[in-house]
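Observations on the three-dimensional arrangement
Here is what each chain is made of, one letter per residue.
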Number of protein chains: 2
Amino acid sequence: MDLRHVGEWGLIKRFTRGSVVVPERVIAGIGDDAAVLPGPEPGEVLLATTDMLVETVHFRREWSTPEDVGYKAMAVNLSDIAAMGGRPESALLSLAVPKRLEIAWVESFSAGLRSCAARFGVNIVGGDTVASPNEVITISITVLGSVLRDRCLYRHGARPGDVLMVTGNLGGAAAGLALLQHPEMEVDAASPLLRRHRRPEPRVEAGKLLSALGGVTCADDISDGLVSEMYQISEAGQVGLEIYVEKIPMAPGVNEVAAFLGYDPLELALYGGEDYELLFTVAPGAVAKVARTLREAGIEVTPIGLVLPSGEGISSLRGLKRSPLPPGGYEHFRSN
Amino acid sequence: MDLRHVGEWGLIKRFTRGSVVVPERVIAGIGDDAAVLPGPEPGEVLLATTDMLVETVHFRREWSTPEDVGYKAMAVNLSDIAAMGGRPESALLSLAVPKRLEIAWVESFSAGLRSCAARFGVNIVGGDTVASPNEVITISITVLGSVLRDRCLYRHGARPGDVLMVTGNLGGAAAGLALLQHPEMEVDAASPLLRRHRRPEPRVEAGKLLSALGGVTCADDISDGLVSEMYQISEAGQVGLEIYVEKIPMAPGVNEVAAFLGYDPLELALYGGEDYELLFTVAPGAVAKVARTLREAGIEVTPIGLVLPSGEGISSLRGLKRSPLPPGGYEHFRSN
């Protein structure tokens, strides 16, 4: 039996059992966007997250500049801290690169990495570099951050009656990737869709606001697709979820790309992944304040659904028609 | 110009410039065994280190069991915390694995990882798993730890007149690797030399004792070879160093392996790497106490040299004959 049979989640479970030997030093371990540990200031917790980017899986040298790759590698990690409501602070980098890689590539990669880190006030404090035995570049970044202990936004915590909300808009990163995979669609190199794939923007500011506001019961970042994160929130909080399909905020241009390629635009928005928006649930009484505060900060935010009791499962509503939403999204160990 | 021209150090320098944007949140960044950050308890600092292991570079599936690989991946990171005098506490894992890898391999790898972590009281608190696009397994681990702020053992700090000391013995890991590379040498599978390569033991207890004792002016772990670490200590502290060749504690069996293969055993001890012993300098007045305390704890320790003024360079003494010690050790981006 190989990894295609158990999938990423089955794999993670194999690392979770017995992973904590000194419980008093962990507030929350494997299973959320970041680990939560005793923090550097009283009342604060330390957040720690790690994400790996592998060439051909997460980026291609012909589709992204080295600056883009560096920027994205940092951004996807900062997004995990944002999803906990935290302030990212320090980053460590592990990098496997082919010996024959041009120094210029590494210098530009490093500039992209620093540019994203600096923008969010993150110090790069350590790392390791090794020669890759094949031509594949592998990047692993760990980011540390902090948040007030009682303001940490966990994945669990959604309660029936809470409103499901999302920042920004969806489907853009998947449509951008589709554009790169289909060069026959001539497209302006400056298209915001390409940028969504190449340089995702972590929602650090939104995460901090959500943490400060109160009334936010759970949060997650959308890395593997909206539906995939809904399943995570549902499992973590033991709740059902429904979304209103007409409310899904589509990224501008997604409909056009989907029409050209014969895709369902909604598929891109629901299952595409890599949008790195925040998906979160809010107690009914706090929805108006949350929406107003984020919009005043220039952050688009949309109520897209509702939290239901656990037995209700995960479904979509189009008008009055309810359909179950099957799981899906990016799965690393898929058979095909 | 590619990476073979600048080497690992030249590569690291490209990530160091401009890496700190909020200086008050870093006590020491890139350049030591671990980063030093404001800590979770008053008077303590947080240590953070990351090390990547790549299949065929750091291990081979035919030479090490999956348990060995997991144990080693954790151990080399704990060794970096030990070299700072710290207590390791939490670990995060990034893992790229081929889709067709047997689940049994991952389960055993995970057991090895946990066994090393548990032995040293380390929780595994997070991670990321991705499918490797080729057959290569890549492992990146980040370990967090802590140490009293004024007891942190930096790489800099050696002063002329200090005594250079080393824990345990040297050359064992390199000899073990040589045994695996030369199956014509029939060897007991339980040979301690093989174990030195497959399951290095991080000197966590020694590091804690050295931190607590006082009088230890600098410390480093021997990952890339004794001479390589001497160059690091020399550069960081702006000092010269000399070692007495007759004093080098050779791992049992190294002479025999070297004789069989026609190697110089001293080469294995000085340049072999992966011994993961601690190399440290001690103020003259504290040497006796340091040696006694470590030996009482069952840790072998040997004075092997002296710290000299900066202009003196790095040399070895055999009897009264002084020779310069050329740099060397494992270099990832070497041309050949």
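Everything numeric here is computed off the predicted structure, so don't read it as measured data.

About the thresholds
Position numbers for residues start from 1 in each chain and track the written sequence from start to end. As a convention, the first chain written is A and the first ligand written is 1, with the rest following in written order. Local features in a predicted model are, by the rule used here, given only for residues with pLDDT of at least 70; side-chain atom pairs are given and counted only at 80 or more, and totals for whole chains, interfaces and linings are based on all residues. Each side-chain value is derived from all of the structure's non-hydrogen atoms; neither hydrogens nor water enter the calculation. Should any heavy atoms of two residues lie within 4.5 Å, those residues are counted as being in contact. By definition, the buried area sums, over both parts, the 1.4 Å-probe accessible area that each loses when the two are put together. Put simply, a salt bridge is a Lys or Arg side-chain nitrogen that is within 4 Å of an Asp or Glu carboxyl oxygen. A pair of strands is treated as paired once DSSP finds two or more bridges between them. The helix count covers DSSP runs of H or I at least four residues long, the strand count covers runs of E at least two residues long, and both are numbered beginning at the N terminus. Here an axis means a line fitted to C-alpha atoms, over the contact stretch when the element is a helix, while the angle between two N-to-C directions is reported on a 0 to 180 degree scale. Residue exposure (1.4 Å probe, protein chains only): buried if accessible area is under 20% of the type maximum, exposed if over 50%, otherwise partly exposed. In this context, the arc is that of the directions from the helix axis out to the C-beta atoms. Definition of nonpolar core: a set of buried residues of the types Ala, Val, Leu, Ile, Met, Phe, Trp, Tyr and Cys, connected through side-chain atoms within 4.5 Å. Residues reaching a pLDDT of at least 70 in both copies supply the C-alpha atoms on which the copies are superposed by least squares.

The next point concerns the interface of chain A and chain B. With 81 residues of chain A at the interface, the matching set in chain B holds 81 residues. Interface of chain A and chain B: buried area, both sides summed, is about 6600 Å²; carbon and sulfur atoms make up 62% of it. Applying the counting rule to chain A against chain B returns 4 salt bridges. The salt bridge involving B:Arg14 is made with A:Glu107; its shortest N-O contact spans 2.6 Å.

A few words on the sheet that holds strand E6 (residues 163-167) of chain B. Residues and elements named next belong to chain B. Spatially, E7-E9-E6-E10-E8-E11-E12 is the arrangement adopted by the 7 strands of the open sheet, whose pairing is mixed. The sheet is open, and its two edges are formed by strand E7 (216-221) and strand E12 (321-324), each paired on a single side. The average angle at which neighbouring strand axes cross in this sheet is 25 degrees, direction not considered. Pairing geometry for strand E8 (residues 240-244) and strand E10 (residues 301-308), over 4 bridges, is antiparallel. Looking across to E10, one finds that leucine 241 is bridged to valine 307. Of the strands in this sheet, E6, E7, strand E9 (278-282) and E10 are in contact with helix H10 (residues 287-296), which crosses E6 at around 5 degrees.

Here the focus is helix H8 (residues 254-261) of chain B. Residue and element names in this part refer to chain B. Every buried residue of H8 is listed here: Val254, Val257, Ala258 and Leu261. An end-on view of H8 places all buried positions within 95 degrees of arc, on one side of the element. Every exposed residue of H8 that faces more than 90 degrees away from the buried side is listed here: Glu256 and Ala259. Packed against the buried residues of H8 are helix H4 (172-181), helix H5 (192-198) and helix H9 (265-271). Immediately downstream of H8, the backbone of glycine 262 shows phi near 75 degrees, a positive value.

Pairing between the strands of a sheet is mediated by backbone hydrogen bonds and can be parallel or antiparallel. All names here are of chain A. The 5 strands lie next to each other as E1-E2-E5-E3-E4, forming an open sheet whose pairing is mixed. Lying at the two open borders of the sheet, with one neighbouring strand each, are strand E1 (35-38) and strand E4 (123-131). Pairwise comparison of adjacent strand axes, ignoring direction, gives a mean angle of 20 degrees for this sheet. Pairing analysis gives 11 bridges linking strand E2 (residues 44-54) to strand E5 (residues 138-148), with the strands arranged antiparallel. Looking at E5, one finds that alanine 48 is bridged to leucine 144. This element, helix H2 (residues 66-82), spans E2, strand E3 (87-97), E4 and E5 of the sheet and lies at about 35 degrees to E5.

To continue, consider the nonpolar core. Formed by 45 residues in total, the largest nonpolar core has its most connected members in A:Leu47, A:Met74, A:Phe109, A:Leu113, A:Ile139 and A:Ile141. Elements that contribute at least two residues to this core include exactly E2, H2, E3, helix H3 (103-119) and E5 of chain A together with helix H1 (3-16) of chain B. Of the residues forming this core, the biggest block, 9 residues, is contributed by H2(A). The residues contacting A:Met74, other than those within four sequence positions of it, are A:Ala91, A:Leu113, A:Cys116, A:Ala117, A:Ile124, A:Ile141 and A:Val143. Core analysis: the next-biggest nonpolar cluster, separate from the first, contains 44 residues, B:Val69, B:Ala82, B:Met84 and B:Val143 among them.

Let's shift gears to the environment of A:Leu46. If you trace the backbone, A:Leu46 turns up in strand E2. By relative accessible area, A:Leu46 is classed as buried at 6%. Here A:Leu46 is in contact with A:Ala35, A:Val36, A:Leu37, A:Pro38, A:Gly39, A:Pro40, A:Leu144, A:Gly145, B:Leu46 and B:Leu144, once residues within four sequence places are set aside.

What follows covers the relation of the copies chain A and chain B. It takes a turn of 180 degrees to lay chain A on chain B, together with a shift of 0.0 Å along the axis; the resulting RMSD is 0.0 Å. Put plainly, the chains are arranged around a two-fold axis. Judged by C-alpha distance, A:Pro40 is the residue of chain A that lies nearest the rotation axis, at 1.8 Å. Taken together, the interface assignments show that 100% of the residues at the interface of chain A recur at the interface of chain B, consistent with an identical surface on both copies.

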